[in-house]
Amino acid sequence: MSSAYQTIVQSLRSSFPQPVSDRVHDAYFVFSCLRALDQLDAMKSVSPLLGSPEELDYDAARRRQLADAPRSLEDVTRELVEHFSGMFIWSHPRSQINVIPPPTIASIIGGLLPSIYNPNLCSDDTARKVAVAEVEAVSMTAHLVGYDPLQAGGLFTFGGTGALLYGVKLGLEKACPGAGRRGLSQPPVILCSQRAHYACLTVANWLGIGEENVVRVPATADSDIVVEAFEESLRTVLRDGRPVAAIVATMGTTDAFGIDDLAALHRIRSELAAEFQLATPPHLHADAVIGWAWSVFNDYDWDANPLGFRLRTIRCLAAAHNRIRHLHLADSLGVDFHKTGFTPYISSAFLVRDAQDLRRLARGDQDMPYLFQSGHHHPGKYTLETTRGGSGPMAALANLLLLGKDGLRALLGHLVTMAETLREHLGGHVSTTVFNRNNVGPVTLFRVYPDGIDTFTVPKREESDPQYRPQLLAHNAYNRRIYQIVHQDALRGEGAVLSMTDCYRETDYGEPIVALKSYIMSPFSDEASIDAILNSIWKARRIVAEESAAG
Ligand SMILES: *Cc1c(COP(=O)(O)O)cnc(C)c1O
């Protein structure tokens, strides 16, 4: 006779993978995964959505409660799969919403295996060779960007925001030694460009630096930092005797793929450190979460062009690479494999040029020489997180192995070729204007105008002439409406999934400029998908024209 609980435990044992191989049960586990995947595959159609569009019912969600009785794995799986109905398929060529990559099969497996065996990267005691995988992925990436991999170090963390947090925290400890233990006596400064990611504000906020102490240096129309303005800002800060927690170079902005002139920032940093006789120059962190991937071109022969990219593509790739090739000058940098590295979320690495720097983050005694010796590897001594899963580094390693340099080169080249094709069409049409015309990345920011607007002159006037404020605001509203229609279409699985940015940049007189955004990340994108996007936009223009004719 077994008691009720024993009966439940007995039955739940079949809900866990068996610790000792049981061929029948092992097959049940694998087959259960296959069934879930099969159900998801059955939800695919030609549209960029799984299943059908769903109204999101948060009221019902808030009313849910935990049941008394366990349910079967099959039941639970079915319910989990239902949550993917209406989900976008990022690999779909008509899905161009943001820098969201479709993950490769290898990286999916890399992400999946740790969720079965649960390595904890806090220490190699609990992660064994998965801890080695993290070191491999970090070292391969360090070598790729031009760091000395034997001197460099790094770790995987919770996103590009986490990598930035680590970078600024390191810089803070350099600028205000002991800040972690004693707190801040004088608020330090973070310098970045106006177009830097808001993660700079988040980090300033969470580290107690204060958002108001983020100095946002003006950016050019191409979204990179104005170097002279940076020099002036840094000089002012140093002259005021304020500590600099970090200089953040944005190597690929989120909206427009602007790339800061890292070599210039590095030079100015060194010159001013000498001029002001600083013992430690301000920490230079490269927020390269998007741009890092272009490092694969560090040893590409542009003249011989062995991969056969067309000339326009070469021009774009080489121009971006011309800035990215200086990444090794940064003291630390952030890499999102889950952006331009085609892995599932979360897979982000924080890299430092000198692994010894990580000591500054170590808990307990400042002097922990055993941390960095061979034998035991305990990243948990200096990571912010306690538990860290193995999925991020395993997914990253999977893609580094799968793609190699040529794989990434080819993928990036394809995305840029497609984006150039879109820009060509949008640039050639009378009712559309491409904002980031000089852009060399996979993202296109553009604006749509109603009939009768001269797109040669109006966009420029809107940007610079305060007299044009009313038109600017009307056209902001117009573009929001176009976006809504295109998006409604997309949710029905018809048009294209684009995104919109409320403030691509500000006009000279301080109003935000709304823009539509296409971010091409799918290896399946092709000329036909570009046409589909354009058609969806022309259709939206007709609908808005009818709406305004109807009053
Ligand atoms: C996406 C992004 C971030 C934030 O990274 P997460 O991985 O989303 O946390 C930071 N900086 C830039 C430039 C980004 O594009």
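See the structure above.
The rules we used
- Residues numbered from 1 in each chain as written.
- Predicted model: local features only at pLDDT ≥ 70, side-chain atom pairs only at ≥ 80, totals over all residues.
- Heavy atoms only, no water.
- Pairing = 2+ DSSP bridges.
- Helix = DSSP H or I, 4+ residues; strand = E, 2+ residues; numbered from the N terminus.
- Axes fitted to C-alpha atoms, helices over the stretch in contact; angles between N-to-C directions.
- Contact = heavy atoms within 4.5 Å.
- Patch = residues over 30% accessible without salt bridge, like charges linked within 9 Å, V, L, I, M, F, W, Y side chains within 5 Å.
- Areas by Shrake-Rupley, 256 points an atom, 1.4 Å probe, with all protein chains shown as cover.
- Salt bridge = Lys/Arg side-chain N within 4 Å of Asp/Glu carboxyl O.
- Parallel < 35°, antiparallel > 145°, perpendicular 65-115°, else oblique.
- Left-handed = near helix turned anticlockwise from the far one by under 90°.
- Nonpolar A, V, L, I, M, F, W, Y, C, P; charged D, E, K, R; others polar.
- Near = heavy atom within 4 Å.
- Polar contact = N/O pair within 3.5 Å; in protein donor to acceptor, adjacent residues only side chain to side chain.

**Examining the sheet that holds strand β2 (residues 189-193)**
Pairing is mixed across the open sheet formed by seven strands, whose spatial order is β1-β7-β6-β5-β4-β2-β3. Edge positions in the sheet fall to β1 (153-157) and β3 (214-217), since each of these pairs with one other strand and no more. Neighbour to neighbour, the strand axes of the sheet diverge by 20 degrees on average, direction disregarded. Examined bridge by bridge, β2 and β3 share four bridges and lie parallel to one another. Paired with serine 193 across the bridge in β3 is valine 217. Against the sheet, helix α8 (residues 160-175) touches β1, β2, β4 (244-250), β5 (284-287), β6 (332-336) and β7 (348-352), its axis set at about 145 degrees to β4.

**Some thoughts on a nonpolar patch on the surface**
A grouping of Val30, Phe31, Leu34 and Leu37 is seen on the molecular surface, where their side chains present a nonpolar patch of about 390 Å² in accessible area. Looking at the secondary structure, you find leucine 37 in helix α2 (residues 23-41).

**Overview of the sheet that holds strand β10 (residues 499-506)**
Spatially, β8-β9-β11-β10 is the arrangement adopted by the four strands of the open sheet, whose pairing is antiparallel. The open sheet has two edge strands with one neighbour each: β8 (432-434) and β10. Strand-to-strand twist of the sheet, defined as the mean angle between neighbouring strand axes without regard to direction, takes the value 45 degrees. Direction of pairing for β8 relative to strand β9 (residues 443-448): antiparallel, over a ladder of three bridges. Within β9, the position partnered with valine 434 by the bridge is phenylalanine 446. Across the sheet, helix α17 (residues 469-491) lies against β9, β10 and β11 (512-519), angled at about 30 degrees from β11, the strand it touches most.

**Some words on the packing of helix α13 (residues 311-324) against helix α15 (residues 391-428)**
The contact between α13 and α15 brings their axes to 9 Å, and the two run at 110 degrees. Considering the angle they form, α13 stands roughly perpendicular to α15. As α13 runs across α15, the sense of the crossing is right-handed. Contacts between α13 and α15 involve Arg312, Thr313, Arg315, Cys316 and Leu317 from the first element and Leu412, Gly413, Val416, Thr417, Glu420 and Glu424 from the second. Class assignment for the residues of the contact of α13 with α15 results in four nonpolar, three polar and four charged.

**A word on the site of the ligand**
The environment of the ligand is made up of Gly159, Gly160, Thr161, His197, Gly252, Thr254, Asp287, Val289, Ile290, Asp336, His338 and Lys339. Residue threonine 254 places a side-chain N or O atom 2.8 Å away from an oxygen atom belonging to the ligand. A distance of 2.8 Å is found between an oxygen atom of the ligand and a side-chain nitrogen or oxygen belonging to histidine 338. For the ligand, whose accessible area on its own is 380 Å², the fraction buried by protein is 86%. Elements that contribute at least two residues to the shell around the ligand include exactly α8 and α14 (337-340).

**Here we look at the packing of helix α7 (residues 129-145) against α15**
Two quantities define a packed helix pair, namely the angle between the axes and the distance from one axis to the other. Put simply, α7 and α15 touch, their axes get as near as 9 Å, and they point 45 degrees apart. Classified by the angle their axes make, α7 and α15 are oblique. In this structure, α7 crosses over α15, and the sense of that crossing is left-handed. Mapping the contact onto sequence places Val130, Ala133, Glu134, Glu136, Ala137, Met140, Thr141 and Leu144 in α7 and Pro393, Met394, Ala396, Leu397, Leu400, Leu401 and Lys405 in α15. In terms of residue class, the contact of α7 with α15 is made up of 11 nonpolar, one polar and three charged.

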